[in-house]
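Residues per chain, in single letters:
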Amino acid sequence: MATTTAAQRREQARSEYDAFLRDCPTNQLLDRLSDKWVSLVVSALAAGPQRYSGLARRIAGVSPKMLTQTLRTLERDGILTRTVTPSVPVRVDYELTPLGSNLALLLTAVKDWAENHFDEVQAARRRYDADDTGVDV
């Protein structure tokens, strides 16, 4: 039986990721990335570094608790960095990492798609609701 190195085992595991499997870590990552607040925070930071208060103003409807949780999660995942500048009051800036900038291309495209196609989706919903007989085909 051939022995494999740790690097070979990691590469094999990486090639076996399958996001369709519930227990796969990529499935869990997709779950996190599909969160609306994640998409909006990453899209907002695509324009450049921002302070917490700027993000809170830009992202309507996000509670302080949810914004803080989202920022911490994204920092933990390596999507953004948090820079504290000692001053009075303390200044905290958030900025996308290279990994986050790469993700921002995708999430900003999804946000833009939603903004550009909402009228079509809304029309489809109206047609569906009007034609719904309650019977699945």
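Scroll up to find the structure.
About the cut-offs
Residues numbered from 1 in each chain as written. Predicted model: local features only at pLDDT ≥ 70, side-chain atom pairs only at ≥ 80, totals over all residues. Heavy atoms only, no water. Salt bridge = Lys/Arg side-chain N within 4 Å of Asp/Glu carboxyl O. Helix = DSSP H or I, 4+ residues; strand = E, 2+ residues; numbered from the N terminus. Buried < 20%, exposed > 50% of the residue type's maximum accessible area, 1.4 Å probe, protein only. Contact = heavy atoms within 4.5 Å. Core = buried A, V, L, I, M, F, W, Y, C linked by side-chain atoms within 4.5 Å. 1 Å grid on protein atoms, 1.4 Å probe; cavity = no way out; pocket = protein on both sides within 12 Å on 5 of 7 lines; lining within 4 Å. Points joined across faces, edges and corners; volume = space filled by probe spheres on them. Nonpolar A, V, L, I, M, F, W, Y, C, P; charged D, E, K, R; others polar.

Caption draft 1: Focus on the pattern of salt bridges. Within the structure shown, the criterion is met by five salt bridges. Here Arg 32 ties to Asp 77 by a salt bridge, and the two come within 2.8 Å at their closest N and O atoms. Highlighted residues: Arg 32 in helix H2 (residues 25-33) and Asp 77 in the loop between helix H5 (64-76) and strand S2 (80-85), separated in sequence by 45 residues. Here Asp 112 makes a salt bridge to Lys 111, at a shortest N to O gap of 3.1 Å. Taking relative accessible area as the criterion, Asp 112 reaches 31% and is therefore assigned partly exposed. Take Lys 111: its relative accessible area is 25%, and that puts it in the partly exposed class. Here the residues in one salt-bridge network are Lys 111, Asp 112 and Glu 115, joined through shared partners.

Caption draft 2: Region of the structure containing the environment of Val 38. Positionally, Val 38 belongs in helix H3 (residues 36-45). With 32 residues separating them along the chain, Val 38 and Thr 70 place their C-alpha atoms 6.3 Å apart. Those residues in contact with Val 38 that sit more than four places away from it in its chain are Arg 32, Leu 33, Thr 70, Leu 74 and Leu 107.

Caption draft 3: View of the nonpolar core. Within the largest apolar cluster, 21 residues are counted, with the highest numbers of intra-cluster contacts made by Val 41 and Val 42. Within the residue set of this core, elements represented by two or more residues are H3, H5, strand S3 (91-96) and helix H6 (98-131). For this core, the element with the highest residue contribution is H3, accounting for six residues. With near-sequence residues (within four places) excluded, Val 42 lies in contact with Leu 74, Ile 79, Leu 96, Gly 100, Leu 103, Ala 104 and Leu 107.

Caption draft 4: Highlighting the layout of surface pockets. Taken as a whole, the largest pocket spans an internal volume of roughly 230 Å³. Surrounding the largest pocket, Pro 25, Leu 29, Arg 32, Leu 33, Asp 77, Ile 79, Leu 99, Asn 102, Leu 103 and Leu 106 form its lining. Residue assignment for the lining of the largest pocket shows that the elements contributing at least two residues are H2 and H6. Here the lining of the largest pocket is composed, by residue class, of seven nonpolar, one polar and two charged. There is about 180 Å³ of room inside the second largest pocket. Forming the boundary of the second largest pocket are Leu 40, Ser 43, Ala 44, Ala 47, Gln 50, Arg 58, Ile 59, Lys 111 and Glu 115. Put simply, the parts of the chain that give the lining of the second largest pocket at least two residues each are H3 and H6. Ranked by residue count, the leading element in the lining of the second largest pocket is H3, at three residues. Tallied by class, the residues present in the lining of the second largest pocket amount to four nonpolar, two polar and three charged.

Read these as geometric descriptors, not functional statements.
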